[in-house]
Amino acid sequence: MKNGTLYIVATPIGNLDDITIRAIKVLKDVDLIAAEDTRHTLKLLNHLEISKPMISYHSEETKSDVLIEKLQEGQNIALVSDAGTPGICDPGEEVIKKCIELGIKIIPIPGACAMINSLICSGIDTKEFT
């Protein structure tokens, strides 16, 4: 059986309308949504009128194994954090690392980025920054 795909889906940082069309399409098409906090993600899904099965992956090592198992069964999964991009300061990083080790396809779905938004509004020279 062919492995599924893990989609790393960036979600809005504040305004729920700050989500990309591509992210909405992925959330509608996947078999399962792995959320940092399902209660938080449910607000976004309700706003977008999307109904999908969800599983929480926050701070539980065993959930990574469950997600990997589902991917190996051929399911496509969207990994979302409460705000921004999964894998940056959230437990999604562990799932991503396991997928890389096992050769499971990962596709990033970009979106809002707090750091870049802060930088462009700061007045700091953006030609070079650290």
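Residues numbered from 1 in each chain as written. Predicted model: local features only at pLDDT ≥ 70, side-chain atom pairs only at ≥ 80, totals over all residues. Heavy atoms only, no water.

Asker: Describe the sheet that holds strand 2 (residues 32-35), naming the residues involved and giving the relevant values.
Answerer: Each strand in a sheet pairs with its neighbour through backbone hydrogen bonds, running either in the same direction (parallel) or in the opposite one (antiparallel). Strand order in the open sheet made by the five strands is 3-2-4-1-5, with parallel pairing throughout. The two strands at the open ends of the sheet, each matched to only one other strand, are strand 3 (54-56) and strand 5 (106-109). Going from strand to strand, the sheet's axes swing by 25 degrees on average, the running direction of each strand aside. Packing of helix 1 (residues 21-29) onto the sheet brings it into contact with strand 1 (6-9), strand 2, strand 4 (77-80) and strand 5, and relative to strand 5 it is tilted by some 135 degrees. Across the sheet, helix 2 (residues 38-48) lies against strand 2, strand 3 and strand 4, angled at about 150 degrees from strand 3, the strand it touches most. (Pairing = 2+ DSSP bridges. Helix = DSSP H or I, 4+ residues; strand = E, 2+ residues; numbered from the N terminus. Axes fitted to C-alpha atoms, helices over the stretch in contact; angles between N-to-C directions. Contact = heavy atoms within 4.5 Å.)

Asker: Help me get a handle on the pattern of salt bridges, residues and values and all.
Answerer: One pass over the structure, following the stated rule, counts five salt bridges. The salt bridge involving Asp 29 is made with Lys 25; its shortest N-O contact spans 2.7 Å. Of the two residues, Asp 29 and Lys 25 both sit in helix 1, four residues apart, roughly one turn of that helix. With a relative accessible area of 52%, Lys 25 lands in the exposed category. Asp 125 serves as the salt-bridge partner of Lys 127, at 3.7 Å between the closest nitrogen and oxygen. Overall, the relative accessible area of 45% leaves Asp 125 in the partly exposed class. (Salt bridge = Lys/Arg side-chain N within 4 Å of Asp/Glu carboxyl O. Buried < 20%, exposed > 50% of the residue type's maximum accessible area, 1.4 Å probe, protein only.)

Asker: A description of the pairing of strand 5 should follow, citing residues and the corresponding values.
Answerer: By the alternation rule, side chains of strand 5 split into Ile 107 and Ile 109, which are all buried, and Ile 106 and Pro 108, of which none is buried. As judged from the four bridges shared by strand 1 and strand 5, these two strands associate in the parallel manner. Directly across from Ile 8, in strand 5, lies its bridge partner Pro 108.

Asker: Explain the nonpolar core residue by residue, including any values.
Answerer: In this structure, Val 9 and Leu 27 are the most contacted members of the largest nonpolar core, which totals 18 residues. Those elements that provide at least two residues to this core are strand 1, helix 1, strand 2, helix 2, strand 4 and strand 5. If sequence neighbours within four positions are ignored, Val 9 has contacts with Ala 23, Val 26, Leu 27, Ala 78, Leu 79, Val 80, Gly 84, Pro 86 and Ile 109. (Core = buried A, V, L, I, M, F, W, Y, C linked by side-chain atoms within 4.5 Å.)

Asker: With reference to specific residues and values, describe helix 1.
Answerer: All of the buried residues in helix 1 are Ala 23, Ile 24, Val 26 and Leu 27. One side of helix 1 carries all its buried residues, which in axial view fall inside an arc of 165 degrees. Facing away from the buried side of helix 1 by more than 90 degrees, the exposed set consists of Ile 21 and Lys 25. (Arc of directions from axis to C-beta.)

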